[in-house]
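Residue-level structural notes
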Amino acid sequence: MELTEYIGSLKTPCYYYDIALLRKTLETVTGELKKYKDYQVHYAIKANANPVLLKLIASYGLGADCVSGNEIQRAIECGFPPEKIVYAGVGKSDWEIETALNNNIFCFNCESVPEIEIINEIAARMNKKARIALRINPNIDAHTHQYITTGTEESKFGIYIYDIEKVIALLKTCNSLELIGLHFHVGSQITEMEVFQKLSETANDIQQQLAKEEIELGHINFGGGLGIDYQSPYNEPIADFANYFATFADYFEQQAGQKVHFELGRAIIAHCGDLISKVLYVKESRTKKFAVLDAGMNDLLRPALYQAFHKIENISSDKPEEIYDVVGPICESSDFFGKNIRMNAVSRGDIVVVHTAGAYGETMSSRYNLRELPLSYFSE
Ligand code: LLP
């Protein structure tokens with residue numbers, strides 16, 4: 001069956017995942033990792049937590065980066081070994097900390113003094129020792145959308161760089177904690193490698209500062225953030241992992257026996273997923289043509305929330321192109337996928353594909369307007 005024909009038989013709106021592309025992406029990532037000593041990637045579950053995809057990702061030996069107790073449980077259910085699970089987040093609830101301790105995960109990435117105190121308290125009560133890394137907010141601008149910038153002083157994330165000394169003093173009194181590393185994550189959809197260069201240099205400085213106090217760090221975790229090309233999904237379906245890892249290899253001073261960790265989400269899964277929808281109506285005003293889809297901002301929030309660009313294509317038509325605002329059925333003016341989009345002339349029933357929606361698409365979908373959650377289909 002032709003792909004167009006097959007897609008036409010799916011119940012829309014839905015996500016469609018290209019498993020062959022995901023395999024190829026994972027082969028590329030693991031191939032690049034092998035070039036370096038002790039480099040490891042934890043897949044960021046928040047980007048896409050679909051169990052079918054998670055099982056495949058886990059089978060390539062990646063660890064998991066989680067930000068909630070439920071993500072930890074999902075990761076374990078899907079085959080990620082607890083000793084490869086890291087757990088970040090500025091607001092870890094007591095039950096989530098207990099879940100992490102009960103499962104003996106690799107490491108908590110701690111984001112504040114009060115959080116460190118509570119993890120110490122809960123671990124003591126449970127007779128456990130919690131392995132922790134300090135998530136440092138290095139005050140580096142990631143030059144990305146303000147809502148996905150996390151490493152500047154205005155942001156809620158991490159321990160501020162000027163508080164490190166205070167935290168190290170506190171840790172000396174925390175008998176149920178073991179400091180094993182440092183963690184950073186400065187933002188998402190980062191396309192300038194200089195940001196990662198700067199991050200490596202900052203990590204070098206902090207590491208030197210801590211070495212003076214004889215603090216050894218078993219691993220440094222640089223978070224995620226590698227950006228991808230949303231403009232031309234067919235040209236560059238696999239992110240530039242080679243350049244990304246090489247930047248850290250060039251600038252970060254990895255110590256003997258030290259491991260280097262990453263938490264990639266978007267770069268692994270974004271290109272593998274498309275949002276598939278049907279055109280319900282074509283509507284015209286004096287100035288505009290609207291293609292009204294059966295998918296809405298509840299299915300894919302990124303354009304409404306971050307003014308994000310996704311390539312949109314009408315795969316049912318070869319009529320001459322026209323210009324449309326591509327909108328959804330939700331009662332909000334922000335419910336659009338793109339404005340002034342050029343695509344083959346649209347009729348009711350045509351299939352419209354919103355590309356590169358595999359990351360932060362399905363996971364951010366909601367039941368707003370009491371709509372159903374989007375279904376998911378897989379190429380194999
Ligand atoms: N590690 C931590 C601690 C994170 O907070 C994130 C993403 C990642 C890793 C993975 O970053 P990635 O490699 O995917 O860039 N919903 C937004 C993106 C939010 C990112 C949140 N944190 C979007 O749709 O663009």
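Conventions we followed
Residues numbered from 1 in each chain as written. Predicted model: local features only at pLDDT ≥ 70, side-chain atom pairs only at ≥ 80, totals over all residues. Heavy atoms only, no water. Helix = DSSP H or I, 4+ residues; strand = E, 2+ residues; numbered from the N terminus. Rg over C-alpha atoms; globule rule 2.2 N^0.38 Å. Buried < 20%, exposed > 50% of the residue type's maximum accessible area, 1.4 Å probe, protein only. Contact = heavy atoms within 4.5 Å. Domains from an automatic or database assignment. Buried area = accessible area lost by both parts, 1.4 Å probe. Salt bridge = Lys/Arg side-chain N within 4 Å of Asp/Glu carboxyl O. Polar contact = N/O pair within 3.5 Å; in protein donor to acceptor, adjacent residues only side chain to side chain. Nonpolar A, V, L, I, M, F, W, Y, C, P; charged D, E, K, R; others polar. Near = heavy atom within 4 Å. Areas by Shrake-Rupley, 256 points an atom, 1.4 Å probe, with all protein chains shown as cover. Arc of directions from axis to C-beta. Axes fitted to C-alpha atoms, helices over the stretch in contact; angles between N-to-C directions. Parallel < 35°, antiparallel > 145°, perpendicular 65-115°, else oblique. Left-handed = near helix turned anticlockwise from the far one by under 90°. Pairing = 2+ DSSP bridges. Expected span 1.5 Å × (residues − 1).

**Re the overall build of the protein chain**
Each helix and strand counted, the protein chain has 11 helices and 17 strands in total. Here the C-alpha radius of gyration of the protein chain, 22 Å, is about what a compact globule of 380 residues would show, namely 21 Å. Across its three principal directions, the C-alpha atoms of the protein chain cover 70 × 40 × 40 Å. Considering the protein chain as a whole, with its 380 residues, one finds that 55% of them fall into the buried category. Considering only residue pairs separated by 6 or more positions, the protein chain has 73% of its internal contacts joining residues 24 or more positions apart.

**Overview of the domain arrangement of the protein chain**
Domain annotation of the protein chain identifies domain 1 (19-269) and domain 2 (271-378). Computed from C-alpha atoms alone, the centre-to-centre distance between domain 1 and domain 2 is 33 Å. Counting residues at the interface gives 27 residues for domain 1, matched by 21 residues for domain 2. A buried area of about 2,100 Å², summed over both sides, lies between domain 1 and domain 2, and 61% of it is on carbon and sulfur atoms. Summed over the shared surface of domain 1 and domain 2, the result is zero salt bridges. Taken together, domain 1 and domain 2 are joined by 14 residue pairs in polar contact (both at pLDDT 80 or more). Where the side of domain 1 that touches domain 2 is concerned, the elements lending two or more residues are helix 2 (19-33), helix 3 (51-59) and helix 10 (266-269). Tallying contributions element by element places helix 2 first for the side of domain 1 that touches domain 2, with four residues. Of the residues contributing to the side of domain 1 that touches domain 2, the split by class is 17 nonpolar, six polar and four charged.

**A few points about the pattern of salt bridges**
Counted by the stated rule, this structure contains 11 salt bridges. Where Arg-23 meets Glu-380, a salt bridge forms, and the shortest distance between an N and an O atom there is 2.9 Å. On the criterion of sequence distance, the pair formed by Arg-23 in helix 2 and Glu-380 in the segment after strand 17 (375-378) is long-range, its members being 357 residues apart. With a relative accessible area of 31%, Arg-23 lands in the partly exposed category.

**Describing the site of the ligand**
As a matter of local geometry, the ligand sits amid 18 residues, with Ser-188, Glu-263, Arg-302, Tyr-306 and Tyr-360 nearest to it. Backbone polar atom of Arg-266 to an oxygen atom of the ligand: 2.8 Å apart, as the coordinates give it. For the ligand, the accessible surface in isolation is 590 Å², of which the surrounding protein chains cover 92%.

**Regarding helix 4 (residues 69-77)**
Where helix 4 is concerned, the buried positions are Gly-69, Glu-71, Ile-72 and Ala-75. With its buried residues spanning 160 degrees around the axis, helix 4 presents them on a single face. Those residues of helix 4 that are buried lie in contact with strand 3 (63-66), strand 4 (85-87) and helix 5 (94-102). Phi for Gly-79, located one or two positions after helix 4, is positive at around 105 degrees.

**Remarks on the packing of helix 2 against helix 3**
Contact geometry of helix 2 with helix 3 gives a least axis separation of 10 Å together with a crossing angle of 30 degrees. Taken together, helix 2 and helix 3 sit at an angle that is classed as roughly parallel. Handedness of the crossing formed by helix 2 with helix 3: right-handed. Every residue of helix 3 that contacts helix 2 at Ile-19, Leu-22, Arg-23 and Leu-26 is listed here: Leu-53, Leu-56 and Ile-57. Grouping the constituent residues of the contact of helix 2 with helix 3 by class yields six nonpolar, no polar and one charged.

**Examining the environment of Ala-75**
Following the sequence through the fold, Ala-75 ends up in helix 4. The buried category is assigned to Ala-75, whose relative accessible area is 0%. Beyond its immediate chain neighbours, meaning those up to four positions away, Ala-75 contacts Ile-45, Ala-64, Cys-66, Phe-80 and Ile-85.

**Side note on unusual backbone geometry**
The omega angle of the peptide bond from Thr-12 to Pro-13 is -5 degrees, so this bond is cis rather than trans. Mapped onto the elements, Pro-13 comes out in the loop between helix 1 (3-8) and strand 1 (14-17). The backbone of Asn-127 shows a phi angle near 60 degrees, a positive value even though the residue is not glycine. Inspection of the secondary structure assignment puts Asn-127 in the loop between helix 6 (113-125) and strand 6 (130-137). The residue Gln-307 is not glycine, and still its phi comes out positive at about 55 degrees. Relative to the helices and strands, Gln-307 resides in the loop between helix 11 (302-306) and strand 13 (312-314). Residue class for Gln-307 comes out exposed when judged on its relative accessible area of 56%.

**Some words on the pairing of strand 12 (residues 289-293)**
In terms of strand pairing, strand 11 (residues 273-284) meets strand 12 through five bridges, oriented antiparallel. Note that in strand 12 the partner of Tyr-281 across the bridge is Val-292. Counted along the chain from strand 11 to the antiparallel partner strand 12, the turn is four residues long. Examined bridge by bridge, strand 12 and strand 14 (residues 321-327) share three bridges and lie parallel to one another. Residue pairing in the sheet places Val-292 in a bridge with Val-327 of strand 14.

**So, helix 2**
Look at helix 2: 21 Å from first C-alpha to last across 15 residues, which is about the 21 Å you get at 1.5 Å a residue. Among the residues making up helix 2, those that are buried are Ile-19, Leu-21, Leu-22, Thr-25, Leu-26, Val-29, Thr-30, Glu-32 and Leu-33. Relative to the axis of helix 2, the buried residues are bounded by an arc of 165 degrees and lie together on one face.

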